[in-house]
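Take a look at the letters that make up each chain.
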Amino acid sequence: MTVETVDYRELRLSSTEDPLTLMARLARSGLYDQYTVYENGPEWSYAGGTLATFRLATNARDLSAVEDWLATLPVTGWRVYGWAAFELGAALAGAETSDADGAGTLLHLVVPHVEVRVGGGQLLLRATDPDRLEQLVQLVGAPGRTGAPEPTERVSVPLNDTGGYRDAVATALTALHGPGPLTKVILSRRVAVPVPLDLPATYIAGRRANTPARSFLLNLGGIHAAGFSPETVAEVTGDRRVVSRPLAGTRARTGSPDEDARLRADLLADPKEVHEHAISVKLALEDLALVCDDTYTAEYMTVEERGTVQHLASTVVGRLRDDRTPWQAFAALFPAVTATGIPKTPAYAVIRELEGRPRGLYAGAVLTHDATGTLDAALVLRSVFQQDGHCWLQAGAGIVRQSHPTREHEETCEKLRSIAHHLVPAPKG
């Protein structure tokens with residue numbers, strides 16, 4: 001049987017509206033319940049509706065099912081949007097897994113009915129039929145209809161350790177000093193947000209205060225989240241170049257140039273932080289070599305400023321082998337070494353035991369992939385999550401043998417402040 005394919009109808013317009021405001025406005029318009037906003041460098045994208053959906057459940061051992069699904073899509077010129085739960089990494093490694101979102105979903109992808117892409121003052125509107133395209137034209141051309149002043153009220157969230165995080169770090173240190181192969185593990189903690197949030201407004205407030213590598217806002221597959229990702233897990237270009245940008249090693253940003261410079265120098269000279277970063281880059285290169293030739297470190301141990309913190313940063317690069325695909329590159333690099341541990345497989349067991357629940361989207365990825373072969377996956381950190389009537393923040397720290405529980409807790413607070421100060425409550429009623 002022949003499956004009839006459809007083409008996206010496209011229209012290009014100029015725009016003077018701030019892309020951040022436009023993206024949030026599209027998200028809150030109600031035009032589509034399921035949507036993703038993704039900021040990738042100079043381009044912002046809104047994807048609404050679900051023309052086609054792919055869900056990967058537990059016990060997956062590779063991502064070949066994704067490629068099989070893509071080969072059957074009924075639309076040309078597609079771009080896929082979606083998310084991967086942290087537990088996908090354990091499943092791909094053959095480790096024991098838990099449900100990621102209450103329904104066992106490890107990977108959720110959609111091909112949208114409509115897209116709005118923004119860059120350089122130009123809009124690209126895409127839709128699968130003329131009526132949907134006309135809806136987009138009306139919506140992007142009428143900011144007064146759904147726009148509103150940014151709320152000034154904020155939710156106050158205490159960041160103190162109420163869940164035994166320091167004790168968990170101490171337990172991890174015992175494992176790190178034991179006979180096993182584990183040399184680093186990233187432990188995280190959740191902080192409950194006591195009220196529901198207006199996530200589009202939170203996204204605006206948080207993005208204006210942060211300096212992310214990527215940002216996102218989504219309501220997709222049962223998860224509602226906004227985040228300001230400090231790094232990418234995988235970037236695959238159309239000419240098969242693969243890039244990953246690990247960050248490891250942290251100091252606060254205070255707003256004082258002199259104090260921030262002092263902390264930066266302290267970060268670059270701290271043996272614990274330098275060691276943590278170096279072993280993370282080494283593993284990222286090893287992961288890359290599984291699918292790439294000509295791997296190398298393009299930048300090593302620079303300092304990147306990300307919101308309320310500054311990190312040691314490196315860039316590793318490779319050329320995807322002819323017999324490998326972008327999804328195989330993603331699988332090799334996921335989850336990010338900077339959110340898992342070294343080696344990854346024994347780190348999964350320690351994380352599962354000491355954190356006591358699945359991470360789900362936290363430390364997973366929000367990603368895009370298109371018909372040209374490009375894939376872009378942002379590491380989900382510095383984010384807020386709403387799901388099943390609960391709202392929370394989450395942050396972690398890299399634990400190595402030289403770690404101290406009090407300092408690692410302080411590091412989680414430094415990271416949490418990137419978003420904790422920008423939480424906008426949902427309107428009452």
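To be clear, the structure that these remarks concern was listed above.
Residues numbered from 1 in each chain as written. Predicted model: local features only at pLDDT ≥ 70, side-chain atom pairs only at ≥ 80, totals over all residues. Heavy atoms only, no water.

**Q** How should I be thinking about empty space enclosed by the protein in this particular structure?
**A** Take a probe with the size of a water molecule and roll it over the atoms, and the empty space left behind shows itself. A full pass over the atoms with the stated rule returns two cavities of 30 Å³ or more. A volume near 220 Å³ is recorded for the largest cavity. If you trace the largest cavity, you find 25 residues lining it, with Thr-338, Leu-381, Arg-382, Gly-396 and Lys-415 closest to the centre. Of all the secondary structure elements, the ones that give two or more residues to the lining of the largest cavity are strand E9 (184-192), strand E14 (247-252), strand E21 (390-399) and helix H12 (405-420). In terms of residue count, the dominant contributor to the lining of the largest cavity is E21 (five residues). Here the residues of the lining of the largest cavity are counted per class, giving 11 nonpolar, eight polar and six charged. As a volume, the second largest cavity reaches approximately 70 Å³. Forming the boundary of the second largest cavity are Glu-231, Thr-232, Val-233, Ser-244, Pro-246, Ala-284, Asp-287, Leu-333, Ala-336, Val-337, Thr-338 and Lys-344. (1 Å grid on protein atoms, 1.4 Å probe; cavity = no way out; pocket = protein on both sides within 12 Å on 5 of 7 lines; lining within 4 Å. Points joined across faces, edges and corners; volume = space filled by probe spheres on them. Helix = DSSP H or I, 4+ residues; strand = E, 2+ residues; numbered from the N terminus. Nonpolar A, V, L, I, M, F, W, Y, C, P; charged D, E, K, R; others polar.)

**Q** Please explain the layout of surface pockets as it appears in this structure.
**A** One number sums up the size of the largest pocket: a volume of about 420 Å³. Surrounding the largest pocket, 23 residues form its lining, Leu-92, Leu-290, Gln-328, Ala-331 and Ala-332 being those nearest its centre. Secondary-structure elements contributing two or more residues to the lining of the largest pocket are helix H2 (64-71), helix H3 (87-92), helix H9 (271-289), helix H10 (326-333) and helix H11 (344-355). If you tally residues by element for the lining of the largest pocket, the top one is H10, at four residues.

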